[in-house]
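# A look at the structure
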2 protein chains.
Amino acid sequence: MNYPISIRNLIECYKKLPGIGEKTAERLALATLTMDKDIIDLFSKSISDVKSKVKRCQKCNHLSEDDLCEICKQKGRDQKTICVVEDPKNVVIFEKVGTYKGLYFVLDGLISPLDGINPEDIKINDLLERIEKEKIEEVIIAVKPSIEGETTALYISKILKGLPVKVTRIAHGVPLGVDMEYIDAMTLELALENRQDVS
Amino acid sequence: MNYPISIRNLIECYKKLPGIGEKTAERLALATLTMDKDIIDLFSKSISDVKSKVKRCQKCNHLSEDDLCEICKQKGRDQKTICVVEDPKNVVIFEKVGTYKGLYFVLDGLISPLDGINPEDIKINDLLERIEKEKIEEVIIAVKPSIEGETTALYISKILKGLPVKVTRIAHGVPLGVDMEYIDAMTLELALENRQDVS
């Protein structure tokens, strides 16, 4: 490619990102050229910062630059309720909703024996330890309803059996604002099964 | 957003790139987190390098880290033929084909009076100066066949009229390997008009 070496390097780096192919990487690199100096400085700095500064919260395993993440540091949150999610992105999604006032625990993914991911690989032991140590009263399992999600939810509720903690799962069913004809059969089955008494 | 500040900054920077929205920026930032240290270093460095090191070739206006770009520096290229393209990307495209052995001139876009882009804005004066100074024998206009492309091509051929230089345009017509039914009427009309004698 007949670009200067710094542009060729940048194209190669963009190509390492998910969903970015050769042509998009080239387009992004040329667009980077036209960015303002202050954005460039911030961009370059943030990229090295995310690698050097971001670690995991010691309490909930969410992304954080300090030992405790911004959520665990917040005063006034319910310290006895933990919402278990599969990755940091899901914490952000729940926080956007804004109604949940408890804490989180971020798994390192979901159990998937076929991919060689076992309970000990996704920090379930840390979760168990924290529940016991902090005398957690409710664990809300909020993983997606896939095979891996079901396996993980089942495993967690099994190991928590016998402990003085309430284990719940977020409701799965028909989402709002969606035409019923677009809902798959499995979801409808689940929605029927989990029907609520409104009489 | 409940991410550490360096991740939030990185998301904002990704969002400045063309075609990257909020969700994609978030996905890219989280993917950046998992990149290897050496890629991160190169990525961060390339971004500041493209801004600080990349300038324009003094001869052809292509992107370059030196006064002359890699193509203008190559020995053995036909010094009397210039291919005029609308941006640096097109140089790379022609070089990939590999059969063209002349030099280039990269315009800063195409003439577009509606957008306020006039001939003096796209370095046509520099092109004219170079043609006279270097006694160029052929100028190949290789801009896309849009309204702006046509205007630019027409303008260039007009100002070169009277100079001892041959002006040509790349052929426009039916591309190879495409079913005729997918070719638009304008292209077919052009292809008919520019038909070649093969008898």
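Check the entry above for the structure.
Keep in mind the model is a prediction, meaning the values are calculated, not measured. Positions within a chain are numbered from 1, following the residues in the order the chain's sequence is written. Think of it this way: whatever chain is written first is A, whatever ligand is written first is 1, and the rest follow in order. Only residues with pLDDT of at least 70 are given local features in this predicted model, and only at 80 or more are side-chain atom pairs given and counted; all residues enter the totals for whole chains, interfaces and linings. Hydrogens and water molecules were not included; the side-chain quantities draw on all heavy atoms of the structure.

### Here we look at the pairing of strand β4 (residues 103-106) of chain B
All names here are of chain B. Across the two faces of β4 the burial is the same, with Leu-103 and Phe-105 and Tyr-104 and Val-106 all buried. With 4 bridges connecting them, strand β3 (residues 81-85) and β4 associate as parallel partners. Bridge pairing in β4 links Cys-83 to Tyr-104. Throughout, right-handed denotes a crossover for which the path from the first strand over the helix to the second runs clockwise when the strands point away from the viewer. Each helix is a run of H or I in the DSSP string that is no shorter than four residues. Each strand is a run of E no shorter than two, and both are numbered from the N terminus. The parallel pair β3 and β4, bridged by helix α5 (residues 88-97), forms a crossover whose chirality is right-handed. Under the scheme applied here, a residue whose accessible area is under 20% of the maximum for its type counts as buried, over 50% as exposed, and between as partly exposed, the area being computed with a 1.4 Å probe on protein chains only. Two strands pair if DSSP finds at least two bridges between them.

### Comments concerning the relation of the copies chain A and chain B
All copies are superposed by least squares; the fitting set is the C-alpha atoms of residues with a pLDDT of at least 70 in both. Of the two same-sequence chains, chain A is brought onto chain B (RMSD 0.1 Å, axial shift 0.0 Å) by a rotation of 180°. In symmetry terms, the pair is related by a two-fold rotation axis. Considering only C-alpha atoms, the residue of chain A closest to the rotation axis is A:Ser44, which sits at 2.2 Å.

### Considering the packing of helix α6 (residues 124-133) of chain B against helix α7 (residues 147-160) of chain B
Residues and elements named next belong to chain B. Look at α6 against α7: their axes get within 11 Å of each other, and the N-to-C directions meet at 40°. Handedness of the crossing formed by α6 with α7: right-handed. Across the interface between the two elements, Ile-124, Leu-127, Leu-128 and Ile-131 from α6 touch Thr-152, Tyr-155, Ile-156, Ile-159 and Leu-160 from α7. Think of it as three bins: nonpolar holds Ala, Val, Leu, Ile, Met, Phe, Trp, Tyr, Cys and Pro, charged holds Asp, Glu, Lys and Arg, and polar takes everything else, Gly as well. Class assignment for the residues of the contact of α6 with α7 results in 8 nonpolar, 1 polar and no charged. Orientation is described by axes fitted as lines to C-alpha atoms, over the contacting stretch for helices, and by angles from 0 to 180 degrees between their N-to-C directions. By definition, turning the near helix anticlockwise from the far helix through less than a right angle yields a left-handed crossing, and turning it clockwise yields a right-handed one. Throughout, a residue-residue contact means that at least one pair of heavy atoms, one from each residue, lies within 4.5 Å.

### A few points about the pairing of strand β6 (residues 166-169) of chain A
Residue and element names in this part refer to chain A. In this structure, strand β5 (residues 138-141) lies alongside β6, joined through 4 bridges in parallel fashion. Within β6, the position partnered with Glu-138 by the bridge is Lys-166. At this point the chain moves from β5, through helix α7 (residues 147-160), to the parallel β6, and the crossover so formed is right-handed.

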